[in-house]
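# Structural characterization, general
These are the residues of each chain, in order.
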Protein chains: 2
Amino acid sequence: MEGASNQLPKGSGAAINKGRRTANRILDAAEALFARNGYEATSLRDIAAEAGIQQPGLYKHFASKEDLYRQVYERALRPVTDLMDQLLTGSDDGFDQLANRMTDLLAQHPTIARLLVRAVVSSDSQPDLVALDWLNRVVGYGRRLSEKAGEDPAGDLLAVQIVAIFNMLFGFFWASPLLESLTGKPATDERAMALQKTLLQTFIAALPGMAEPAGKVP
Amino acid sequence: MEGASNQLPKGSGAAINKGRRTANRILDAAEALFARNGYEATSLRDIAAEAGIQQPGLYKHFASKEDLYRQVYERALRPVTDLMDQLLTGSDDGFDQLANRMTDLLAQHPTIARLLVRAVVSSDSQPDLVALDWLNRVVGYGRRLSEKAGEDPAGDLLAVQIVAIFNMLFGFFWASPLLESLTGKPATDERAMALQKTLLQTFIAALPGMAEPAGKVP
DNA sequence: GTCTATATCTCGATAGAC
DNA sequence: GTCTATCGAGATATAGAC
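These numbers come from a predicted model, not from an experiment.

Reading the values: the criteria
- For every chain, the first residue of the written sequence is number 1, and numbering continues from 1 onward in sequence order.
- Naming scheme: in the order in which they are written, chains are lettered from A and ligands are numbered from 1.
- Totals for whole chains, interfaces and linings use every residue, but because this is a predicted model, local features are given only for residues with pLDDT of at least 70 and side-chain atom pairs only at 80 or more, for both listing and counting.
- Side-chain calculation: all heavy atoms of the structure are included, whereas hydrogens and water are not.
- Proximity is defined per residue: any heavy atom of the residue falling within 4 Å of a molecule or strand makes that residue near it.
- We call two N or O atoms a polar contact when they sit within 3.5 Å, provided that within protein one can donate a hydrogen and the other can accept it, with sequence-adjacent residues counted only if both atoms are side-chain atoms.
- All amino acids are sorted into three groups, where Ala, Val, Leu, Ile, Met, Phe, Trp, Tyr, Cys and Pro are nonpolar, Asp, Glu, Lys and Arg are charged, and the leftover types, Gly among them, are polar.
- A simple rule labels every residue: compare its accessible area, found with a 1.4 Å probe on the protein chains alone, to the largest value its type can have, and call it buried under 20%, exposed over 50%, or partly exposed in between.
- Secondary structure counts use DSSP, requiring at least four H or I residues in a row for a helix and at least two E residues in a row for a strand, with both numbered from the N terminus.
- Here, a salt bridge means any Lys or Arg side-chain nitrogen found within 4 Å of an Asp or Glu carboxyl oxygen.
- UniProt positions are given in the numbering used here, feature names are shortened, and annotations may be inferred rather than shown by experiment.
- The criterion used for residue contact is that any of the two residues' heavy atoms lie within 4.5 Å.
- A 1.4 Å probe defines the accessible area here, and the buried area is the portion of it lost by two parts on being joined, summed over both.
- Side-chain atoms within 4.5 Å are what join buried Ala, Val, Leu, Ile, Met, Phe, Trp, Tyr and Cys residues into a set we call a nonpolar core.
- Comment: axis = line fitted to C-alpha atoms, over the contacting stretch for helices; angle = value between 0 and 180 degrees taken between N-to-C directions.
- Oblique is the label for every angle not falling under 35 degrees (roughly parallel), over 145 degrees (roughly antiparallel), or within 65 to 115 degrees (roughly perpendicular).
- Each crossing is labelled by how the near helix is turned from the far one, with a counterclockwise turn of less than a right angle marking it left-handed and a clockwise turn marking it right-handed.
- Here the copies were fitted onto each other by least squares, based on C-alpha atoms from residues at pLDDT of at least 70 in both.
- Note that the domain bounds were set by an automatic or database domain assignment.
- Note on aromatic contacts: the rings of Phe and Tyr and the six-membered ring of Trp form a pair at centre separations within 6.5 Å, being stacked when their planes are under 30 degrees apart, edge-to-face when over 60 apart, and tilted otherwise.
- Two thresholds decide whether a charge sits over a ring: the Lys NZ or Arg CZ must be within 6 Å of the ring centre and within 35 degrees of the ring normal.

### Some details on the protein's contact with DNA strand C
Taken together, 15 residues lie around DNA strand C, and Gln54, Lys60 and His61 of chain A together with Gln55 and Tyr59 of chain B are the ones closest in. Backbone atoms, meaning sugar and phosphate, form 51% of the atoms of DNA strand C found within 4 Å of the protein. A distance of 2.9 Å separates a phosphate oxygen of DNA strand C from a polar atom in the backbone of leucine 44 of chain B. Take arginine 45 of chain B: an N or O atom from its side chain is 3.2 Å from a base nitrogen of DNA strand C. Per-class residue counts for the surface near DNA strand C are five nonpolar, seven polar and three charged.

### A look at helix α6 (residues 110-120) of chain B
In an α-helix, one turn spans 3.6 residues; hence positions three or four apart end up facing the same way. Along α6 of chain B, 10 of the 11 residues are buried, which leaves the element largely enclosed by surrounding structure. Every buried residue of α6 of chain B is listed here: Thr111, Ile112, Ala113, Arg114, Leu115, Leu116, Val117, Arg118, Ala119 and Val120 of chain B.

### Describing the pattern of salt bridges
Pairing between side chains of opposite charge can happen when their charged atoms approach one another. Residue and element names in this part refer to chain A. A full pass over the atoms with the stated rule returns 16 salt bridges over all chains. Close ionic contact of arginine 70 with glutamate 66 constitutes a salt bridge, the shortest N to O distance being 3.5 Å. Residue arginine 70 and its partner glutamate 66 are located together in helix α3 (residues 65-76), separated by four residues, close to a single helical turn. On the basis of relative accessibility, which here comes to 42%, the residue glutamate 66 falls in the partly exposed class. Across the pair arginine 137 and aspartate 133 runs a salt bridge, and its minimum N-O distance is 3.0 Å.

### Things to note about the UniProt feature "domain: HTH tetR-type" (unreviewed entry) in chain A
In the numbering used here, UniProt assigns the "domain: HTH tetR-type" (unreviewed entry) feature to residues 20-80 of chain A. Helix makes up 67% of residues 20-80 of chain A and strand 0%, with an end-to-end C-alpha separation of 24 Å.

### Section: the interface of chain B and chain A
Between chain B and chain A, the residue contacts involve 55 residues of the former and 56 residues of the latter. For the pair chain B and chain A, the two sides together bury roughly 4700 Å², of which 70% comes from carbon and sulfur. Summed over the shared surface of chain B and chain A, the number is four salt bridges. Lysine 185 of chain B is the partner of aspartate 156 of chain A in a salt bridge, and the nearest nitrogen-oxygen pair spans 2.4 Å. If you look at where chain B meets chain A, you find eight residue pairs in polar contact (both at pLDDT 80 or more). Contributing elements (two or more residues each) for the side of chain B that touches chain A: α1 (18-37), α6, α7 (129-148), α8 (155-174), α9 (176-183) and α10 (190-206) of chain B.

### Topic: the UniProt feature "DNA-binding region" (unreviewed entry) in chain A
In the UniProt entry, the feature "DNA-binding region" (unreviewed entry) is given for residues 43-62 of chain A. Split by type, residues 43-62 of chain A is 40% helix and 0% strand. Its first and last C-alpha atoms lie 14 Å apart.

### Some remarks on the nonpolar core
Among the nonpolar cores identified, the biggest contains 152 residues, and Ile47, Leu68 and Phe203 of chain A together with Ile47, Leu68 and Phe203 of chain B are the most heavily contacted of them. Apart from residues lying up to four places away in sequence, phenylalanine 203 of chain B is in contact with Met168, Leu199 and Phe203 of chain A together with Ala164, Ile165 and Met168 of chain B.

### Focus: the protein's contact with DNA strand D
In the region of DNA strand D, 15 residues are neighbours, and Arg45 and Tyr59 of chain A together with Gln54, Lys60 and His61 of chain B sit closest. Here a phosphate oxygen of DNA strand D sits 2.6 Å away from a polar atom, N or O, in the main chain of glutamine 54 of chain B. In the model, a phosphate oxygen of DNA strand D is placed 2.7 Å from a nitrogen or oxygen of the histidine 61 of chain B side chain. Considering only residue class, the surface near DNA strand D consists of five nonpolar, seven polar and three charged.

### Some thoughts on the packing of helix α4 (residues 78-89) of chain B against α7 of chain B
Residues and elements named next belong to chain B. Orientation of α4 relative to α7, taken along the N-to-C sense of each, is 15°, at an axis distance of 10 Å. By the angle between their directions, the pair α4 and α7 is classed as roughly parallel. Note that α4 runs across α7; the crossing there is left-handed. Between α4 and α7, the contacting residues are Val80, Thr81, Met84, Asp85, Leu87 and Leu88 on the first element and Trp134, Val138, Tyr141, Gly142, Arg144, Leu145 and Lys148 on the second. For the contact of α4 with α7, a count of residues per class yields eight nonpolar, two polar and three charged.

### Things to note about the relation of the copies chain B and chain A
Turning chain B through 180° and shifting it by 0.0 Å along the axis lays it on chain A, with an RMSD of 0.0 Å. Here the transformation between the copies is reduced to the relation of a two-fold axis.

### Some words on the domain arrangement of chain A
Residues and elements named next belong to chain A. Domain annotation for chain A reports domain 1 (11-62) and domain 2 (71-205). Centre-to-centre, using C-alpha coordinates, domain 1 lies 28 Å away from domain 2. Tallying the contact residues gives 12 residues for domain 1 and nine residues for domain 2. Ranking the residues of domain 1 by area buried against domain 2 places Leu27, Glu31 and Ala35 at the top, with a combined share of 54%. Arginine 75 is the partner of aspartate 28 in a salt bridge, and the nearest nitrogen-oxygen pair spans 2.9 Å.

### Structural notes on the packing of aromatic side chains
This structure, assessed with the given rule, holds 17 aromatic pairs over all chains. Geometrically, the ring pair formed by phenylalanine 166 of chain A and tryptophan 174 of chain A is edge-to-face, given 5.8 Å between the ring centres and 70° between the ring planes. Under the relative-accessibility criterion, tryptophan 174 of chain A is labelled buried at 3%. Put simply, the rings of Phe34, Tyr39, Tyr69 and Tyr73 of chain A pair up and form one aromatic cluster. Over the ring of tyrosine 141 of chain B we find arginine 144 of chain B; its NZ or CZ atom is 4.7 Å from the centre of that ring.

Below, the structure is given as structure tokens:
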């Protein structure tokens, strides 16, 4: 479903890039299943069936299940790094655009939030290193973006704020089944999206007001 | 593997409630492992080893793995329902106390947030009905609490706000490894907790101000 | 490059001795 | 009530025909 498997020229030789197109079909199937069910709960047989081949055939395109998992993340999270790079290099401070544009992006690519949540539930004993790596990259972008915007609270406060923004940004989509059960409409509903954006901006605007060096709660 | 951690009760030979105490040891081990690794990634052999018995012995205390899973949730989430009942029946409006007291409670019982996050990552094809059931109960409490506090925005707005508060309340603990990597201190650190509470109250206080019927983002 | 067949492992659950 | 032994299912990965 997700991703762009058809970026090949249709006119050229038919059977030449067959292997490449099979690999892309596999990536499409794997991305959808990994996002929905996670790494452990997704079997290579399911992926192969969805891609229209048998399970051992996967090993002609990917070295292992983990190799396939890593390549899924690299392809799927590209739009996020592209957006963050754009916001970082832009002339205006990209921080106030983060909420709206990231929300739109996550709505357009529903697998991204689901893939990243695997880092949050990763266990200490058997950590999901792939998801954790990408989580750190995304948070690293967020920190650089807040620095560029001139935000400079004490270290601990900045960390708590970054975590909060991250949770609101991605949690909206993680909790989309919950939102649907409450409203009866999908999370990507236009009105729900607009409300979430307003809420995010309200929240971000209220952040500097809480900056009290001593951190004492009134 | 290695089952040699035999900590026998030092007290007198009270063999009467041995079965009961074994069941509680199993529940303790299962709660810790389910919270850390989730249902699928936790094997009955691991639980039994941590409880000091062999795997088939579990079936003398619990009918199945799912039965054990359900009983773990019922015991672990009791503090949450107790707190919500208390806030609901209290004389003052319990809504403004929700943030502080729930944050303290989740810090005191670290498994609760980790157990509930399984509802968020539950797949459509094989949903975690136990975790989803408890998520709905908790959110139901939250909705009743906001009604009691006199909050009465339009239905969609209320839903988006409830999801946001839920995400900030629980996401702080879900993302505790992330916070630790940013600050070097555990999420239950006194200063981080105080900052999170202030942030939560700032956010909740800002909520009514965003109530715009048309939901147009400036 | 795709297939069938299979090796090896781990899982939940059951049977039966004590 | 705990143990040892084991079953049947499903997992990843490999071998070899075509």
